[in-house]
Amino acid sequence: MELAARKDVPVEETWDLSLIFPDEKLMWEALEKTKADVKRFAAAYAGKLQTAETIVRCLDDREPILIAMERLWEYAGLALEADYTDNALREREAKVSDEMTRLRSEMAFVDSEILLAPDAELKAAVGLAKGCRVYIEDLIAKKAHMLAPETEKVLTALSLSLEVPYTIYNTMKLADISFEPFTANGKEYPLGYSLYEDDYELEADTAVRRAAFRAFYGTLKKYENTTAAAYNACVTQEKTIAELRGFRDVFESLLFEQKVTRDMYDRQIDVITEKLAPHMRRYARLLRKKHGLAEMTFADLKIALDPAYDPRVTIAESRTYVREALSVLGKDYRDMVDRAYDERWIDFAKNEGKSTGGFCAGVYRQNSYILLNWNERMADVFTVAHELGHAGQSMYSDGAQSYYDNEPSMYLVEAPSTMNELLLAHYLTQTKEDPRFRRWVLSSLISNTYYHNFVTHLREAWYQREVYKVVDGGGSVTADTLSGLFRKNLELFWGEDVVIPEGAELTWMRQPHYYMGLYPYTYSAGLTVATQAMLRIEKEGESAVNDWKNFLKAGGTKDPAGLAEIAGIDIRTDGPLNATIGYIGSLIDEICRLTEEIDGITV
Ligand SMILES: [Zn+2]
């Protein structure tokens, strides 16, 4: 079972990038026009940003240019994400990236000049601004960390080089790494990144699942030193920049952008590690007993509790599920789901060279694009609901906010998406009364939604914090250090209930998030807010739905605590986090009760 080439996958399973540009020629024309616009813009404003009026007018005039650049960037970038084996797409993307970097550096004078303007003018600009108020406020906050204009220009010009570690990581993962087939039960199976993560890791047959684990990690091991070198380059670079910009440490530097305190960050990692572990270990014991395993290993954690109850789902059925489940958010939301399917916003296809995992990329005030690898499992329907949550965020915040102020802090980025997963689960439990079905839905919520956000990504967050501590202390990291930290991390959380086999410590190699700052912990932060908001919607109905929509519409106009407040949740305290862990525990308790009732198994 070889993966199909991109040209051979059914067109209705691919996204339609012609919504951005009907054809490539129009993209190149748009690029030429944008280059001319930037030239005119620079001539009009460079050296002139001393007064509040000029500053605001300059930012307003730059907005359509940034929007045009985003369209170019997405058009070229998304095509490549769907097929890294296509050299023409790779060259096109490189050319567009290159041009974007040049255009950004031609406009780099904007921020540095604004920061040199007198304080009184900056304050006045905040008062005058409509679409760019938060942007200017953020610049004022950044002022203390800005370097001389010439240095800033150099950094902007180097920005593509600063992303090289991530490029190396992705190229290794998507183009170079190749997996040999493996054998289990006397049969040969093909292996690939996406095949492992989307299929074998969830495989109910223990012999196949564990053989796939050994083969997958055995191959990763061959690339550990290159990957560690790329990652070390990334984190030491972040450390250097933190120092240059005068931050106390790399944590302060990375959290600054998120508008999150160190307390909020640490609390998420420490409280979950301590308080969620007993619940998840109980769930692991349940999986072991239900599957009759002599021992539970790290390779077994993602199996379904009741694999026989994991029905295959078609793409057409996914539309019905998602549409019905998200209807609670109103007609405008349901219409967006219809558009996503009718206008082909979603790339379902599985093909060679396609990016693994899933993501959603918004094109400002137009539509969003969703990449996933469809495997006909219910888990994929959760992925669709999740990514549509990002699309929904864009729809509301783009509609209400300027291009500058439409994005919330990274801390909350995963709230709208995980909310949709919870709504999908809630909808599914309402469709049938069968205890086995109910258990299947609840355990999907645990093994997909909460496992992904509160376990997988949180373990990454714990590990990442240790790595940054090493780097902050002036050290650097190698494959051995990274594997050692990751093993310690897994052993700490799973204790005696889960065996961590050789190879599991290489799990750090699987995640591109490490190249995106303090991203992993935000998954659980977003889901904490989503869980509490979903419980409010269950209890209070429409008024809570309205609060949620206002939260989405607010985009990035407040810090995370201020935004969560709009949704009726106070994340300045540990209340929402403890309540969410309690809720997860109650789901696991109910799954255990149902299993006792259905199978007579107790843990
Ligand atoms: Zn997401």
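For the structure given in this document, a descriptive report is provided here. (Residues numbered from 1 in each chain as written. Predicted model: local features only at pLDDT ≥ 70, side-chain atom pairs only at ≥ 80, totals over all residues. Heavy atoms only, no water.)

## So, helix 2 (residues 52-82)
Because each turn of an α-helix spans 3.6 residues, side chains separated by three or four positions end up pointing in the same direction. Selection criterion: Elements are defined by DSSP. Helices are runs of H or I of four residues or more, strands are runs of E of two residues or more, and each kind is numbered from the N terminus. To estimate the expected span of a helix, subtract one from its residue number and multiply by 1.5 Å. To obtain the bend at a residue, axes are fitted to the seven residues ending there and to the seven starting there, and the angle between these axes is taken. The rule is simple: take the accessible area with a 1.4 Å probe, protein chains only, and divide by the maximum for that residue type; under 20% is buried, over 50% is exposed, in between is partly exposed.
Over its 31 residues, helix 2 extends 44 Å from the first C-alpha to the last, a length consistent with the 45 Å expected when each residue adds 1.5 Å. At Glu63, helix 2 shows its maximal kink, close to 30°; a proline, Pro64, follows between one and four residues later. Buried residues dominate helix 2, accounting for 23 of its 31 residues.

## Brief notes about the sheet that holds strand 3 (residues 346-347)
This is how it is decided: Two strands pair if DSSP finds at least two bridges between them. Throughout, a residue-residue contact means that at least one pair of heavy atoms, one from each residue, lies within 4.5 Å. Angular values range over 0 to 180 degrees, each being the angle between N-to-C directions of two axes fitted as lines to C-alpha atoms, with helices fitted over their stretch in contact.
One open sheet accounts for three strands, arranged 3-5-4; its pairing is mixed. Two strands lie at the open edges of the sheet, namely strand 3 and strand 4 (359-363), each paired on one side alone. In this sheet, strand 5 (residues 367-371) lies alongside strand 3 in parallel orientation, the contact comprising two bridges. Of the residues in strand 5, the one forming a bridge with Asp347 is Leu371. Relative to the sheet, helix 2 contacts strand 4 and strand 5, its axis offset from that of strand 4 by approximately 150°.

## Here's the deal with the coordination of the zinc ion
In plain terms, the rule: Only nitrogen, oxygen and sulfur atoms within 2.8 Å of the metal, or 3.2 Å for Na, K and Ca, are treated as donors, and water is left out, so sites may look incomplete.
Protein-derived ligands of the zinc ion are His386 (NE2), His390 (NE2), Glu414 (OE) and Glu414 (OE), with the metal-ligand distances lying across 2.1 to 2.8 Å. For the zinc ion, the single-chain donor residues occur in sequence as H-x3-H-x23-E. One end of the pair, His386, is in helix 18 (residues 378-400); the other, Glu414, is in the loop between helix 18 and helix 19 (415-431), with 28 residues separating them in the sequence. Exposure remark for His386: the relative accessible area of 7% places this residue in the buried category.

## Some points on the environment of Ala215
Tracing the backbone through its elements, the reader meets Ala215 in helix 11 (residues 206-221). Separated by 19 residues in sequence, Ala215 and Tyr196 place their C-alpha atoms 9.7 Å apart.

## Concerning the packing of helix 1 (residues 24-45) against helix 4 (residues 109-116)
Keep this limit in mind: Note that the term roughly parallel is reserved for angles under 35 degrees, roughly antiparallel for angles over 145, roughly perpendicular for angles of 65 to 115, and oblique for everything else. Two helices cross in a left-handed way if the nearer one is turned anticlockwise from the farther one by less than a right angle. They cross in a right-handed way if the turn is clockwise. All residues other than Ala, Val, Leu, Ile, Met, Phe, Trp, Tyr, Cys, Pro, Asp, Glu, Lys and Arg, Gly among them, are scored as polar; the first ten of these are nonpolar and the last four charged.
One way to put it is that helix 1 packs onto helix 4 with a least axis distance of 12 Å and a crossing angle of 15°. Comparing their axes, helix 4 and helix 1 come out roughly parallel. Every pair of crossing elements has a handedness; the one defined by helix 1 and helix 4 is left-handed. Contact residues: Phe41, Ala42 and Tyr45 in helix 1; Phe109, Val110 and Glu113 in helix 4. Classifying every residue of the contact of helix 1 with helix 4 gives five nonpolar, no polar and one charged.

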